[in-house]
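Residue-level listing of the chains:
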Amino acid sequence: SIRWRNIGPYRGGRSIAVAGHPTEPMVFYFGACVGGVWKTEDGGTFWENISDGFLNTASVGAIAVADSDPNVVYAGTGEACIRGNLSHGDGVYRSTDGGKTWSHRGLEDTRHIGRVRVHPQDPDLVYVAALGHAFGPNDQRGVFRSRDGGESWERVLFKSENAGAVDLSMDPTNPRVLFATIWQARREPWTFSSGGPDSSLHRSTDGGDTWTDITENQGLPGGVKGRIGVAVSPSRQGRVWAVVEAQEGGLFRSDDGGDIWERVSDDRNLVQRAWYYSHVFADPQDAETVYILNLKAWKSVDGGSTFEQITTPHGDNHDLWIDPNDPTRMIEGNDGGACVSFNSGESWSTIYNQPTSQFYHLTTDEQFPYRVYGTQQDNSAISVPSWSPDRNGIPWGDCYTVGFSESGHIAVRPDDANIVYSGAIGSSPGGGDSLMRYDHRL
């Protein structure tokens, strides 16, 4: 008779996959890195999980809504920002009723999917950028294409068993033009490597039938490259953006479809910790406007020459969907959840309405009713009541921070629940490990 119940907290966890409905302005989707697919119909005020009972794995790395039939939604599972703590997936899922039901569409061994792109006129023509296994070599990597809504797949771009596709951009004005990036990366239990000879940038002009490696084209950096993000400008023919992890990396722009490139910015704010970010997005109506997501979110309105910061509800920014018909309407994903804006990022919906937190360690105290304590990824240690008289769930006001430890163990004194100890990696002023003591009476 024992059943699970959700006690929160309603403070979001990492999201690297977001999308919006093309014609219904209040409808958006996001994928949680360990929480499935979520949908809002009121502009981010309330989110509902729509994938429980359908997905076999909880990690969602990419999501896309078909412009020609918004009832068709694709979710690629497994996060492709492969940090120390990450969750893998089991391929692609598809919904034909706006997320009410989902069916598995194969590619089980891709493990980590970085991007899904749907043809603007054909909801059954879909492309997937699959990174593959994070901890070792495997064959199911690269760019895959399906012409029948995922019933069958063909691999149209493959580099090696050690490198997979991590980003994919389609020209909406000419969907036969595609740009894909291949990333050679390996996660080990004790370290991580980003970059190698297989990291590369590729272009197709025939819908993915053939590809050209343009990594060495004029203007792009030489030497070993790591993660690359790419975006085609919908508002100026031939304009392509690329943010490149390399010794001479930065933001690059091409105005001839990728033949010749120019480094327009070497601002280190755009490429710090590039293996975790390297995300670039072109404004759909203004060719001079481009967004870079990194630790902070950045926007340029002068072709990439200068950037100004956009304040988001949480740091570590990963995905951005911009409405092609109204660029002031957008949804953004970061390590604190997903947030919606209707004014080009001047203000955002809250991330304190998403029970998608990721926890490293949990414990309880000896009170009655008892409280639950945990160290939340990229946030703080927190205390949550195990029970609340509120029939709508645990109110956020009943939760409180018990220290700034995000990743370590946590313990409560058995004889005094006011005292909480927690450990964290890299949280001390000098950047080292620390042990924190919290007293709720102070």
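Look above for the structure.
Just so it is clear, the model here is predicted, and its values are computed rather than measured.

## Quick word on the sheet that holds strand E34 (residues 416-424)
Strand order in the open sheet formed by three strands is E33-E34-E35, and the pairing between neighbours is antiparallel. Both edges of this open sheet fall to strand E33 (410-413) and strand E35 (434-439), since each of them pairs with a single strand only. Averaged over all pairs of adjacent strands, the angle between their axes in this sheet comes to 20°, without regard to strand direction. Where E34 meets E35, six bridges bridge the pair, whose relative direction is antiparallel. Each residue of the ladder has a partner; that of Ser 422, found in E35, is Met 436.

## Focus: the side chain of Ser 349
Note on placement: Ser 349 falls in the loop between strand E28 (337-341) and strand E29 (359-364). Its relative accessible area of 14% is what places Ser 349 among the buried residues. In terms of polar contacts, Ser 349 uses its side chain to reach the backbone amide nitrogen of Val 340, at 2.8 Å.

## Some words on empty space enclosed by the protein
Following the criterion strictly, the structure yields two cavities of 30 Å³ or more and no others. In this structure, the largest cavity spans a volume of roughly 100 Å³. Around the largest cavity, the lining comprises 17 residues; the ones closest to its centre are Ile 16, Gly 114, Arg 115, Arg 227 and His 279. Elements that contribute at least two residues to the lining of the largest cavity include exactly strand E9 (113-119), strand E13 (163-170), strand E18 (225-232) and strand E26 (317-322).

## Here we look at the sheet that holds E29
Read from one edge of the open sheet, four strands run E29-E30-E31-E32, paired in antiparallel fashion. The sheet is open, and its two borders are formed by E29 and strand E32 (400-401), each paired with just one other strand. Where strand E31 (residues 381-385) meets E32, two bridges bridge the pair, whose relative direction is antiparallel. Its bridge partner lying in E32, Ile 382 is registered against Thr 401.

Criteria and cut-off values
- Residues numbered from 1 in each chain as written.
- Predicted model: local features only at pLDDT ≥ 70, side-chain atom pairs only at ≥ 80, totals over all residues.
- Heavy atoms only, no water.
- Pairing = 2+ DSSP bridges.
- Helix = DSSP H or I, 4+ residues; strand = E, 2+ residues; numbered from the N terminus.
- Axes fitted to C-alpha atoms, helices over the stretch in contact; angles between N-to-C directions.
- Buried < 20%, exposed > 50% of the residue type's maximum accessible area, 1.4 Å probe, protein only.
- Polar contact = N/O pair within 3.5 Å; in protein donor to acceptor, adjacent residues only side chain to side chain.
- 1 Å grid on protein atoms, 1.4 Å probe; cavity = no way out; pocket = protein on both sides within 12 Å on 5 of 7 lines; lining within 4 Å.
- Points joined across faces, edges and corners; volume = space filled by probe spheres on them.

The analysis is restricted to geometry; functional conclusions fall outside its scope.
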